[in-house]
Amino acid sequence: MSNGSDKPGGQNRFTSPPCYASDIAPDYFDPLAVDPDQTRDVSRWRKAERTRLLAERRELSVANRKAASEALAGHLRKALRNRFEGAQGAILSAYWPIKGEPDIRSLMGELHEAGVAIAFPVVETRFAPLIFRRWTPETRMVRGDWNIPVPPSASSVVTPAIALAPLVGWTEDGYRLGYGGGYFDRTLAALEPRPFVIGIGFDAAQLSTIYPQPHDIGLDMILTESGVRAQRDIS
């Protein structure tokens, strides 16, 4: 993408503003490549899309966000019932909503009462995989990285069988655009066994691709307010 001199007028189309990265030619893009120019341009494109999607999400009205969150909670409840018989006895990693993410915290209390063990991800060491601490409705949360409420250090550290992943953007082939820190992909790469991962996001955050890189890990299912939008075939 660094060579655009064949464009009329001699303009380099791909190494200028990051929005040009959306014009990556299919015969140029290689998802297994480690070409630094391609990696840089994909990173620029993702940053631009992340900024756009977060701005659009902030513009959602309180009423619309609440309605979408309630619909999502219903779809998640159904997915857990159909695939995991309600997930009773299993450990499920949830999340504390930030930056306009879908708020499904009320469902977490319901699942806890139904016998699902709830945990929240915690940044214990910067740039290392996340850990997961147990949570109950009585847990007194503390401020973690980026001031996100997390269970305190006295809470048990557990390994989830099911993990929810909030989405900035998502694709129909199951890829997630996150906040760019790489924590979630590092965590999935390190966990053994790997949990069943469900992406949680809004319909409006759909992308045609994120130009997957070697470190990107596809999700098992993606849910939006419309229901199941992507699902990995594990048969």
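Observations regarding the overall build of the protein chain
- Scanning the protein chain from N- to C-terminus turns up four helices and twelve strands.
- Taken across its 235 residues, the protein chain has 44% of its residues classed as buried.
- Of the contacts formed within the protein chain by residues at least 6 apart in sequence, a portion of 67% connects residues at least 24 apart.
- With the model as given, the accessible surface of the protein chain reaches about 12200 Å², and the carbon-plus-sulfur share is 51%.

A closer look at the environment of L53
- Within the secondary structure, L53 sits in helix α1 (residues 36–58).
- Along the primary structure L53 and A204 are separated by 151 residues, whereas in three dimensions their C-alpha atoms are 8.4 Å apart.
- Beyond its immediate sequence surroundings of up to four residues, L53 is in contact with V168, G169, L177, A204, A205 and L207.

A closer look at the sheet that holds strand β10 (residues 196–200)
- Across the sheet, which stays open at both edges, the eight strands sit in the order β6-β3-β2-β1-β7-β10-β11-β12 with mixed pairing between neighbours. If you trace the sheet from one side to the other, it starts and ends with β6 (157–158) and β12 (227–231), each paired once.
- Relative to strand β2 (residues 117–122), strand β1 (residues 91–93) is paired through three bridges, and the arrangement is parallel. From the neighbouring strand, I91 faces β2, where its bridge partner is A117.
- Set on the sheet, helix α2 (residues 62–84) makes contact with β1, β7 (162–166), β10, β11 (221–224) and β12; between it and β11 the angle comes to about 150 degrees.

Overview of the packing of α2 against helix α3 (residues 105–113)
- Packing of α2 against α3 leaves a shortest axis separation of 10 Å and a crossing angle of 30 degrees. When the axis of α2 is compared with that of α3, the two are roughly parallel. Here the hand of the crossing between α2 and α3 comes out right-handed. Between α2, through A73, L76, R77 and L80, and α3, the contact on the second element is made entirely by L107, M108, E110 and L111.
- Among the residues forming the contact of α2 with α3, the class breakdown is six nonpolar, no polar and two charged.

Overview of the side chain of R57
- On the secondary structure map, R57 appears in helix α1.
- Here R57 occupies a buried position and makes no salt bridge, while the nearest side chain of opposite charge, E101, is found at 4.4 Å.
- A distance of 3.2 Å separates a polar side-chain atom of R57 from the backbone oxygen of L167.
- With residues up to four places along the chain from it excluded, the contact list for R57 reads R65, I98, K99, G100, E101, L167, V168, Y179 and F202.

What to know about the confidence of the model for the protein chain
- Confidence along the protein chain averages 86 in pLDDT terms, with 85% of residues attaining 70 or more.
- Taken together, the stretch residues 1–23 has pLDDT below 50 and engages in 38 contacts with residues farther than four places along the chain or on a different chain.

What to know about the nonpolar core
- Ranked by internal contacts, the top residues of the largest apolar core, which has 24 residues, are L76, L92, M108, I118, L164 and I198.
- Ranked by residues supplied to this core, first place goes to α2 with five residues.
- Aside from chain neighbours lying at most four places away, what touches M108 is L76, L92, A94, I118, W135 and L164.
- Within the second largest apolar cluster, ten residues are counted, among which are L167, V197, A205 and I222.

Considering the environment of I131
- Along the polypeptide, I131 turns up in strand β3 (residues 131–135).
- In this structure I131 comes out as buried when scored by relative accessible area, which is 16%.
- Linking I131 and V158, residues 27 residues apart in sequence, is a C-alpha distance of 7.7 Å.
- With residues up to four places along the chain from it excluded, the contact list for I131 reads F120, P121, V122, E124 and V157.

Considering the packing of aromatic side chains
- Tallying each qualifying case throughout the model produces six aromatic pairs.
- Between the aromatic rings of W96 and F120, the centroid separation amounts to 6.5 Å while the plane-to-plane angle is 50 degrees, which identifies the pairing as tilted. Remark: F120 occurs in strand β2 and W96 occurs in the loop between β1 and α3; sequence separation between them is 24 residues.
- With a relative accessible area of 26%, W96 lands in the partly exposed category.
- Ring geometry for F120 versus W135: centroids 5.7 Å apart, planes at 70 degrees, classification edge-to-face. Within this pair, whereas F120 is found in strand β2, its partner W135 is found in strand β3, the two being separated by 15 residues in sequence. An identical accessibility class is assigned to F120 and W135; each is buried.
- Every member of this aromatic cluster is reached through a ring pair, and the members are W96, F120 and W135.
- R126 extends its terminal NZ or CZ atom over the ring of W146, reaching a point 5.6 Å from the ring centre.

Scoring rules and cut-offs
- Residues numbered from 1 in each chain as written.
- Predicted model: local features only at pLDDT ≥ 70, side-chain atom pairs only at ≥ 80, totals over all residues.
- Heavy atoms only, no water.
- Helix = DSSP H or I, 4+ residues; strand = E, 2+ residues; numbered from the N terminus.
- Buried < 20%, exposed > 50% of the residue type's maximum accessible area, 1.4 Å probe, protein only.
- Contact = heavy atoms within 4.5 Å.
- Areas by Shrake-Rupley, 256 points an atom, 1.4 Å probe, with all protein chains shown as cover.
- Pairing = 2+ DSSP bridges.
- Axes fitted to C-alpha atoms, helices over the stretch in contact; angles between N-to-C directions.
- Parallel < 35°, antiparallel > 145°, perpendicular 65-115°, else oblique.
- Left-handed = near helix turned anticlockwise from the far one by under 90°.
- Nonpolar A, V, L, I, M, F, W, Y, C, P; charged D, E, K, R; others polar.
- Lys, Arg positive; Asp, Glu negative; His and termini not counted.
- Salt bridge = Lys/Arg side-chain N within 4 Å of Asp/Glu carboxyl O.
- Polar contact = N/O pair within 3.5 Å; in protein donor to acceptor, adjacent residues only side chain to side chain.
- pLDDT = per-residue confidence, 0-100.
- Core = buried A, V, L, I, M, F, W, Y, C linked by side-chain atoms within 4.5 Å.
- Phe/Tyr/Trp six-rings, centres within 6.5 Å; stacked < 30°, edge-to-face > 60°.
- Lys NZ or Arg CZ within 6 Å of the ring centre and 35° of its normal.

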